[in-house]
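# Working through the structure, step by step
The lines below spell out each chain.
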Amino acid sequence: TIETSFKIAKTISNNPEFEEPPATKAIKAFHSNHEFVIEQMVALMVEKIREVTLNKIGGKAKAMVVSPSRAHAVRFFLAMKEYCAKQGYKNVNPMVAFSGTVEYGGVEYTESQLNSTEELKISESALPMYFASDMFNVLIVAEKYQTGFDEPLLHSMFVDKGLRGVKAVQTLSRLNRCCKGKVDTFVL
């Protein structure tokens with residue numbers, strides 16, 4: 001739990017035998033990569049998307065999930081698809097954006113492979129066009145599209161990484177594109 005992680009971090013900082021940075025980093029990595037934590041975060045995101053995002057801009061609003069790594073982006077994507085399938089939700093349709101390949105669970109994944117179906121092959125260069133369509137409404141990113149991405153229907157952002165300085169401004173500015181019916185934004 002977060003409480004246990006805090007107690008461990010506090011104990012480490014009070015004990016000179018432990019090096020704080022490596023121990024704290026290990027605790028954060030364990031917590032961040034834990035399957036239960038990913039599932040809980042995805043459940044929260046999907047429910048907020050259904051509660052908030054899908055009711056904005058005439059039902060056409062979209063969301064972006066900013067993940068801390070390419071591996072997290074893949075985990076979030078797979079967990080979101082699984083959660084929506086278990087809940088019977090057909091109105092939350094994610095895409096994922098990252099560069100190169102990512103290995104997870106002994107399988108190598110590419111952006112194009114994850115976003116494509118048997119009927120529809122989506123190349124990396126075609127992702128913005130498909131995301132702008134009515135087919136998809138969530139984009140899970142790892143660095144890619146955090147800057148220079150213009151989608152006026154982007155209304156909500158779920159940020160799971162530290163943002164500082166110019167990177168924070170550029171990332172959050174993905175939401176400031178205007179379109180008819182867009183009167184607010186949502187950041188969690």
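Residues numbered from 1 in each chain as written. Predicted model: local features only at pLDDT ≥ 70, side-chain atom pairs only at ≥ 80, totals over all residues. Heavy atoms only, no water.

### Concerning helix H3 (residues 35–51)
The first and last C-alpha atoms of H3 sit 24 Å apart over 17 residues, in line with the 24 Å expected at 1.5 Å per residue. When H3 is considered as a whole, its buried residues turn out to be Val37, Ile38, Val42, Ala43, Met45, Val46 and Ile49. (Helix = DSSP H or I, 4+ residues; strand = E, 2+ residues; numbered from the N terminus. Expected span 1.5 Å × (residues − 1). Buried < 20%, exposed > 50% of the residue type's maximum accessible area, 1.4 Å probe, protein only.)

### Observations concerning the packing of H3 against helix H4 (residues 70–87)
It is at 9 Å that the axes of H3 and H4 come closest, and there the two elements cross at 65°. In this structure, the crossing between H3 and H4 has a hand that is right-handed. On the side of H3, the interface is formed by Ile38, Met41, Val42, Ala43, Met45, Val46 and Glu47, while H4 contributes His72, Arg75, Phe76, Ala79, Met80, Tyr83 and Cys84. In the contact of H3 with H4, the residues fall into eleven nonpolar, one polar and two charged. (Axes fitted to C-alpha atoms, helices over the stretch in contact; angles between N-to-C directions. Left-handed = near helix turned anticlockwise from the far one by under 90°. Contact = heavy atoms within 4.5 Å. Nonpolar A, V, L, I, M, F, W, Y, C, P; charged D, E, K, R; others polar.)

### Concerning the side chain of His155
Its place among the elements puts His155 in strand E6 (residues 154–159). Look at His155 and you get buried, because its relative accessible area is 1%. Once you skip the residues sitting within four places of it in the chain, His155 turns out to touch Val52, Thr53, Lys56, Ile57, Ala61, Lys62, Leu175, Lys182, Asp184, Thr185 and Phe186.

### Observations concerning the packing of aromatic side chains
For the coordinates displayed, the defined rule picks out three aromatic pairs. Pairing Tyr83 with Tyr89 gives two aromatic rings, centres 6.2 Å apart and planes at 70°, and the pair type is edge-to-face. When sorted by exposure, Tyr83 lands in the same class as Tyr89, which is buried. In this arrangement the basic side chain of Arg50 is found over the ring face of Tyr89, its NZ or CZ atom lying 3.5 Å from the centre. Over the ring of Phe131 we find Lys62, and its NZ or CZ is 5.0 Å from the ring centre. (Phe/Tyr/Trp six-rings, centres within 6.5 Å; stacked < 30°, edge-to-face > 60°. Lys NZ or Arg CZ within 6 Å of the ring centre and 35° of its normal.)

### Focus: the pairing of E6
Counting buried residues in E6 gives five out of six residues, a clear majority hidden from the surface. Here two bridges tie E6 to strand E7 (residues 186–187), and the two strands are oriented parallel to one another. Paired with Ser156 across the bridge in E7 is Phe186. In the classification by handedness, the crossover that spans E6, the intervening helix H7 (residues 165–172) and the parallel E7 is right-handed. (Pairing = 2+ DSSP bridges. Right-handed = clockwise from strand over helix to strand, strands pointing away.)

### Some points on the sheet that holds strand E5 (residues 138–141)
Taken in spatial order, the five strands make up an open sheet running E2-E5-E1-E6-E7, and their pairing is parallel. Strands at the two margins of the open sheet, each flanked by one partner only, are strand E2 (94–97) and E7. Where H3 meets the sheet, its contacts fall on strand E1 (62–66), E5, E6 and E7, and the angle it forms with E6 comes to roughly 160°.

### Some thoughts on unusual backbone geometry
Here the phi dihedral of Ile57 falls at roughly 50°; this positive angle occurs in a residue that is not glycine. Tracing the chain through its elements places Ile57 in the loop between H3 and E1. Within the chain, Glu143 stands out as a residue other than glycine whose phi angle is a positive 70°. Relative to the elements of secondary structure, Glu143 occurs in the loop between E5 and E6. Assessed through its relative accessible area of 42%, Glu143 is described here as partly exposed.

### Section: the pattern of salt bridges
Applying the stated criterion across every chain yields a total of ten salt bridges. Salt-bridge contacts for Glu111 lead to Lys144; the nearest nitrogen and oxygen are separated by 2.9 Å. With Glu111 in helix H5 (residues 111–115) and Lys144 in the loop between E5 and E6, the pair connects residues that are 33 residues apart, well separated along the chain. Comparing Glu111 with Lys144, the two get one shared label, buried. (Salt bridge = Lys/Arg side-chain N within 4 Å of Asp/Glu carboxyl O.)

### Notes on the nonpolar core
Of all hydrophobic cores here, the largest spans 30 residues; its most connected members are Val42, Val46, Val65, Met80, Val92 and Ile140. Residue contributions to this core peak at eight residues, all from H4. Ranked by size, the runner-up nonpolar core spans 17 residues in total, among them Val66, Leu127, Phe149 and Leu175. (Core = buried A, V, L, I, M, F, W, Y, C linked by side-chain atoms within 4.5 Å.)

Coordinates in, geometry out; function isn't part of it.
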